[in-house]
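Chain and residue survey
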Amino acid sequence: DTEVTQTPKHLVMGMTNKKSLKCEQHMGHRAMYWYKQKAKKPPELMFVYSYEKLSINESVPSRFSPECPNSSLLNLHLHALQPEDSALYLCASSQGTLGYGYTFGSGTRLTVV
Amino acid sequence: DQQVKQNSPSLSVQEGRISILNCDYTNSMFDYFLWYKKYPAEGPTFLISISSIKDKNEDGRFTVFLNKSAKHLSLHIVPSQPGDSAVYFCAASPRRSGANSKLTFGKGITLSVRP
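Residues numbered from 1 in each chain as written. Chains lettered and ligands numbered in written order. Predicted model: local features only at pLDDT ≥ 70, side-chain atom pairs only at ≥ 80, totals over all residues. Heavy atoms only, no water.

Brief notes about the sheet that holds strand S7 (residues 64–70) of chain A
Residues and elements named next belong to chain A. Here we have four strands laid out as an open sheet, ordered S1-S3-S8-S7, and antiparallel in their pairing. Edge positions in the sheet fall to strand S1 (4–7) and S7, since each has one partner strand and no second. Going across the sheet, the axis of each strand differs from the next one's by a mean of 20 degrees, ignoring polarity. Alignment of S1 against strand S3 (residues 18–25), held across four bridges, turns out to be antiparallel. Within the sheet, the bridge partner assigned to Val4 lies in S3 and is Gln25. (Pairing = 2+ DSSP bridges. Helix = DSSP H or I, 4+ residues; strand = E, 2+ residues; numbered from the N terminus. Axes fitted to C-alpha atoms, helices over the stretch in contact; angles between N-to-C directions.)

Here it is in structure tokens:
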């Protein structure tokens, strides 16, 4: 298995809703990431988990809450989002070095209404 | 302040010809550089990387060149194929390697290969 699987592929939520994005990989990668990508912009790092511990938080608002239940799973809990949070949310994983790059999932297209 | 710059938003080349995609960076702490390809509705796919200790890395039709003094790298695709049509992102990472590495992406360039 050489994939990063993200669910759901599409999500529409209201500003008062609570939802979660899920990411799963079975490649034995010990680092997992959440990126956010707006239209015609580059992906921007949100969080990095290393060995199931949060190691980087790029000053992301608290309405985004990451969770790493185990080495294969990464969640992003969403609460009280704003319309400007609408974007493609990408999950990625990597081995210990960058020689192999990151493996990205196909993303969750989130629309906040 | 954009630390990784891809100044050309698009490039169109004829099938069989060479595609040259350019990328500039400003942060001298960047030590590792990567290229990703992205098709619509898919996540980015890793193509090729280069460490700052090298000036060239080749993998099949893809070659990345690094000019550290100019803080410039380029991706050469030869021969170009219609299936190469996609958005290409340049990305860079600081000296600290390993699982905590952070990638900074450029804005991307849309490559169109004409049959």
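Anyway, onward from the coordinates.
Let's talk about the layout of surface pockets
Considered as a void within the structure, the largest pocket measures approximately 650 Å³ in volume. Taken together, 30 residues form the lining of the largest pocket, with Gln37 and Lys40 of chain A together with Lys38, Val87 and Phe89 of chain B sitting closest to its centre. Of all elements in the fold, only strand S11 (108–112) of chain A together with strand S9 (86–94) and strand S11 (109–114) of chain B reach the threshold of two or more residues within the lining of the largest pocket. A per-element tally of the lining of the largest pocket places S9 of chain B first, with three residues. Looking at side-chain class alone, the lining of the largest pocket contains 10 nonpolar, 11 polar and nine charged residues. (1 Å grid on protein atoms, 1.4 Å probe; cavity = no way out; pocket = protein on both sides within 12 Å on 5 of 7 lines; lining within 4 Å. Points joined across faces, edges and corners; volume = space filled by probe spheres on them. Nonpolar A, V, L, I, M, F, W, Y, C, P; charged D, E, K, R; others polar.)

Here we look at the nonpolar core
Counting 24 residues, the largest nonpolar core has Phe33, Trp35, Leu73, Leu75 and Tyr88 of chain B as its most contacted members. For this core, the secondary-structure elements that each account for two or more residues are strand S3 (19–25), strand S4 (30–38), strand S5 (45–51), strand S7 (62–67), strand S8 (72–77), S9 and S11 of chain B. Listed in part, the 22 residues of the second largest apolar core include Trp34, Phe47, Ala87 and Leu110 of chain A. (Core = buried A, V, L, I, M, F, W, Y, C linked by side-chain atoms within 4.5 Å. Buried < 20%, exposed > 50% of the residue type's maximum accessible area, 1.4 Å probe, protein only.)

Topic: empty space enclosed by the protein
All names here are of chain A. Per the stated rule, a full pass over the model turns up one cavity of 30 Å³ or more. Along the walls of the largest cavity sit His29, Arg30, Ala31, Met32, Tyr49, Ser50, Tyr51, Glu52, Cys68, Asn70 and Ser71, which together make up its complete lining. Sorting the residues of the lining of the largest cavity by element identifies strand S4 (31–37), strand S5 (44–50) and S7 as the ones contributing at least two each. For the lining of the largest cavity, the residue count by class is five nonpolar, four polar and two charged.

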